Amino acid sequence: LGLQFESRRGGFLGVEYNGRHVMVRVSHVGIDPDMFMNRLQDPGVMKSTAVLERKWEDKVVLLGIDDMDKLKGVPLKMLAIEHLLDNYPCWRNKVVLYQVTLPKDARYPEQQQVRDEVHEIIARVNGKYGTQTYTPIEYSERHLTFDERVALYSVAHAVVNTSIRDGLNLVPYEFVCCSGDKSGVLIASEFTGCSRALSGVIHVNPWNKEDVAKAIDHALSMSAVERQVKHDKDFQYVTAHTTMVWADSFLADLDKAGEKADKLTYLNMGLGLGFRVMEFGHNFKKLDPDAVVKSYRESKRRLLVFDYEGTLTPLGSLAGLSVPSAATLAILTKLCNNPKNTVFIVSGRERMTMQRWFKDCKALGLAAEHGVFFQWDRSSDWQRLSPSLDLTWMEAATEIFQSYTERTDGSFIEAKESALVWHYRDADPDFGLMQAKELHDHLNSVLSNFPVQVVNGKGIVEVKPKGINKGVMVEKLLTSM
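Description of the structure in this document. Every value quoted in this text rests on a predicted model; they were computed, and no experiment measured them. (Residues numbered from 1 in each chain as written. Predicted model: local features only at pLDDT ≥ 70, side-chain atom pairs only at ≥ 80, totals over all residues. Heavy atoms only, no water.)

Re the environment of K233
The condition is simple: Under the scheme used here, helices are H or I runs from DSSP no shorter than 4 residues and strands are E runs no shorter than 2 residues, and both carry numbers assigned from the N terminus.
Examined against the element boundaries, K233 turns out to sit in helix 8 (residues 224-240). Spatially, the C-alpha atoms of K233 and S199 are 6.8 Å apart, while their sequence positions differ by 34 residues.

Take a look at the structure:
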């Protein structure tokens with residue numbers, strides 16, 4: 001989306017958008033472990049489990065429970081089983097994949113395509129390796145009852161997931177709770193969400209059938225100790241991160257996200273494409289134009305401070321695009337001619353540029369580079385807001401800026417007396433933003449021991465002296481009047 005973000009405490013990504021604070025956090029929902037483990041002791045479930053154990057008493061059972069959806073990668077799973085039996089003869093007549101595909105209520109054309117592909121692979125594999133007493137792939141397309149799921153989990157030696165895109169999938173969590181003494185192994189696609197939450201999972205690339213087959217062989221051949229260690233890790237996680245824990249955590253995050261918003265005031269500004277939401281402090285009150293005009297007329301001394309780019313002139317990337325118009329100069333001159341007024345422009349531009357632009361506004365005050373340098377009028381000398389500036393960092397920062405400019409087409413460096421700015425407004429938006437984030441981190445790392453701050457702006461990354469900004473400059477003006 002091209003939005004700027006930052007990492008925040010607690011594992012959140014903070015996104016500022018149109019005056020709104022958006023907190024993003026990835027958190028996989030859990031299950032109710034007790035419900036599954038208690039159901040294992042149900043007489044009906046125990047009877048179903050015994051039936052399945054007799055059916056597969058001399059077999060190693062791989063279980064798959066997936067929706068009838070092309071994103072679930074069921075055909076890829078079956079191709080991996082075929083590759084396993086082709087290249088690992090020791091598992092022939094021994095490994096059984098029991099695949100349950102859950103039909104969807106809505107009918108989609110791709111469902112039939114997936115179904116046809118699955119049936120074709122099953123027919124080929126079972127025809128090649130099946131016997132009167134052995135069926136390598138047992139397939140069922142139906143909905144499972146809760147008791148049937150629990151029974152299947154309890155007899156399976158491993159669950160295999162080969163999704164090519166999967167977000168919320170609770171089958172691995174349920175299997176961990178029900179596998180019991182078997183200490184079942186999880187084989188999960190690297191593209192499914194739960195594979196990152198469970199540390200005992202064997203990760204696979206579902207598109208690589210050799211990789212999946214190798215993972216299955218490893219899962220079924222590993223020692224009892226390794227299997228138990230993996231299972232214990234996942235069991236500890238699943239039982240600690242239950243549905244209730246997830247819900248409590250979500251509500252706490254929701255309250256935390258609203259804390260800052262509750263302390264702010266939001267106002268709608270502009271119309272059409274220029275509409276935006278502006279954010280202000282809780283005590284902010286929108287100025288009444290009539291009250292401002294009345295106070296202006298009655299006051300004996302006035303300080304008028306203007307920002308420049310984006311206020312008195314449209315925001316432009318190049319200095320030549322931000323030259324003040326004749327109308328702007330005329331209005332500023334008129335304000336300055338009033339003896340009651342002290343008029344200042346505070347800008348991030350360098351002082352020589354500002355002096356050239358406003359040479360005809362003799363009484364206009366200028367603050368350049370966010371206030372590092374300031375001048376009361378054209379007849380006075382430039383002063384420094386801070387008497388001494390440490391600029392020893394500029395050489396190192398310049399080298400870094402140059403390396404990023406060379407590999408980012410459309411970017412350029414603006415060198416000021418006290419600051420460096422890297423502009424990327426004219427670069428490719430996505431690549432420019434990516435480079436800006438990398439540059440920001442690089443500069444923070446290299447310049448951490450210098451008295452500077454690295455600032456991300458709209459289309460820029462700037463390094464400037466710490467403790468000097470437009471707010472400090474305005475305070476200086478107020479105390480000097």
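Regarding the pairing of strand 14 (residues 365-368)
When a strand is regular, its side chains alternate between the sheet's two faces. Operational definition: Categorising residues by exposure relies on relative accessible area from a 1.4 Å probe, with only protein chains included: less than 20% of the type maximum marks a residue as buried, more than 50% marks it as exposed, and the intermediate range marks it as partly exposed. Two strands make a pair as long as DSSP finds a minimum of two bridges between them.
Every second residue of strand 14 is oriented toward a common face, with G365 and A367 on one face and L366 and A368 on the other, all of them buried. Of the pairings in the sheet, the one linking strand 13 (residues 341-346) to strand 14 comprises three bridges and is parallel in character. Residue V346 lies in a different strand from strand 14, and its bridge partner there is A367. Alignment of strand 14 against strand 15 (residues 373-375), held across three bridges, turns out to be antiparallel. Residue L366 lies in a different strand from strand 15, and its bridge partner there is Q375. Linking strand 14 back to strand 15 in an antiparallel pair, the connection comprises four residues, with E369 at a positive phi of about 50°.

Considering the sheet that holds strand 20 (residues 460-465)
Counted only if it meets this: Axis definition: a line fitted to C-alpha atoms, limited for helices to the stretch in contact. Angles are taken between N-to-C directions and run from 0 to 180 degrees. Here a residue-residue contact requires only that any non-hydrogen atoms of the pair lie within 4.5 Å.
Ordered by their spatial adjacency, four strands build an open sheet running 17-18-20-19, and the pairing between neighbours is antiparallel. Unpaired on one side and paired on the other, strand 17 (412-415) and strand 19 (452-457) mark the two borders of the sheet. Here the strands of the sheet are splayed against their neighbours by 15° on average, with no regard to which way each runs. Across six bridges, the pairing between strand 19 and strand 20 is antiparallel. Residue V454 lies in a different strand from strand 20, and its bridge partner there is V463. Taken strand by strand, helix 13 (residues 394-406) contacts strand 17, strand 18 (420-423) and strand 20, and its axis lies near 10° from that of strand 18. Contacts from helix 14 (residues 429-446) reach strand 18, strand 19 and strand 20 within the one sheet, and its direction differs from that of strand 19 by about 170°.

Some remarks on the state of the cysteines
To keep things clear, this is the line we draw: Disulfides are defined in this document as cysteine sulfur pairs within 2.5 Å.
Going through the model one piece at a time under the given rule, you end up with zero disulfides. You can see C336 has no disulfide; the closest cysteine sulfur is in C361, sitting 6.0 Å from it.

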